Amino acid sequence: MDRDLVHRQTAASAIKYISLGVAGLGCEDALIHLFNYVWPNIFETSPHVVNAVMEAIEGMRVALGAAMVLNYCLQGLFHPSRKVREVYWKIYNSLYIGSQEAVVAAYPVLEDEKNNIYSRPELVMFI
């Protein structure tokens, strides 16, 4: 992606349409390569670029699956910086609204603690 905002916006829109066009055709490796170019632009401040990047991420959610996008998103949900957390939580909320059933199945498995129980036996039976 280029340094100019207009080119990044155009590239993100093109990647959205490409990902939606090839969804289910076995092009996941190429889409992951394109997704790695889109992901660093989540911290952009221009509203047009932000919308284009969010739409590209939504297109990748459809093409790659919610679990893949969740793996990218988990790294920043509890970041020390508030600005980083806000961006990642915005992506996570969009992901959760679009694919609740797929996101729940992709949550990491946590060990039970003394005071907290994290196990999901009913869900694990169906996976």
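Below or above, wherever it landed, is the structure these notes cover. Keep in mind that what you see is a predicted model, and the values were worked out from it rather than measured.

The next point concerns the side chain of Ser19. By the secondary structure assignment, Ser19 is in helix α1 (residues 5–21). A polar side-chain atom of Ser19 sits 2.8 Å from the main-chain carbonyl oxygen of Lys16. A polar side-chain atom of Ser19 sits 3.5 Å from the main-chain carbonyl oxygen of Gly59. Not counting residues up to four positions away in its chain, the partners in contact with Ser19 are Leu31, Gly59, Met60 and Ala63.

Moving on, we come to the nonpolar core. Generally speaking, soluble globular proteins have nonpolar side chains that are buried together. Of all hydrophobic cores here, the largest spans 29 residues; its most connected members are Phe35, Trp39 and Ile57. Among the secondary structure elements, those contributing two or more residues to this core are α1, α2 (28–38), α3 (47–64), α4 (66–73) and α5 (82–98). At 10 residues, the largest contribution of residues to this core is made by α3. In contact with Trp39, not counting residues within four places along its chain, are Ile57, Tyr72, Cys73, Gln75, Tyr88 and Ile91.

Conventions and cut-offs
- Every chain begins its residue count from 1, and numbering advances along the sequence as written.
- Owing to the predicted nature of the model, reporting of local features is limited to residues with pLDDT of at least 70; listing and counting of side-chain atom pairs is limited to 80 or more, with chain, interface and lining totals taken over all residues.
- Side-chain measures here rest on the full set of heavy atoms in the structure, leaving out hydrogens and waters.
- The helix and strand labels rest on DSSP assignments: H or I over at least four residues marks a helix, E over at least two residues marks a strand, and numbering proceeds from the N terminus.
- Polar contacts here mean pairs of N or O atoms no more than 3.5 Å apart (in protein, one a potential hydrogen donor and the other a potential acceptor; neighbouring residues in sequence count only if both atoms are side-chain atoms).
- Should any heavy atoms of two residues lie within 4.5 Å, those residues are counted as being in contact.
- In this description, a nonpolar core means a group of buried Ala, Val, Leu, Ile, Met, Phe, Trp, Tyr and Cys residues linked to one another through side-chain atoms lying within 4.5 Å.
- Relative accessibility decides the category of a residue: with a 1.4 Å probe and only protein chains considered, values under 20% of the type maximum give buried, values over 50% give exposed, and everything between is partly exposed.

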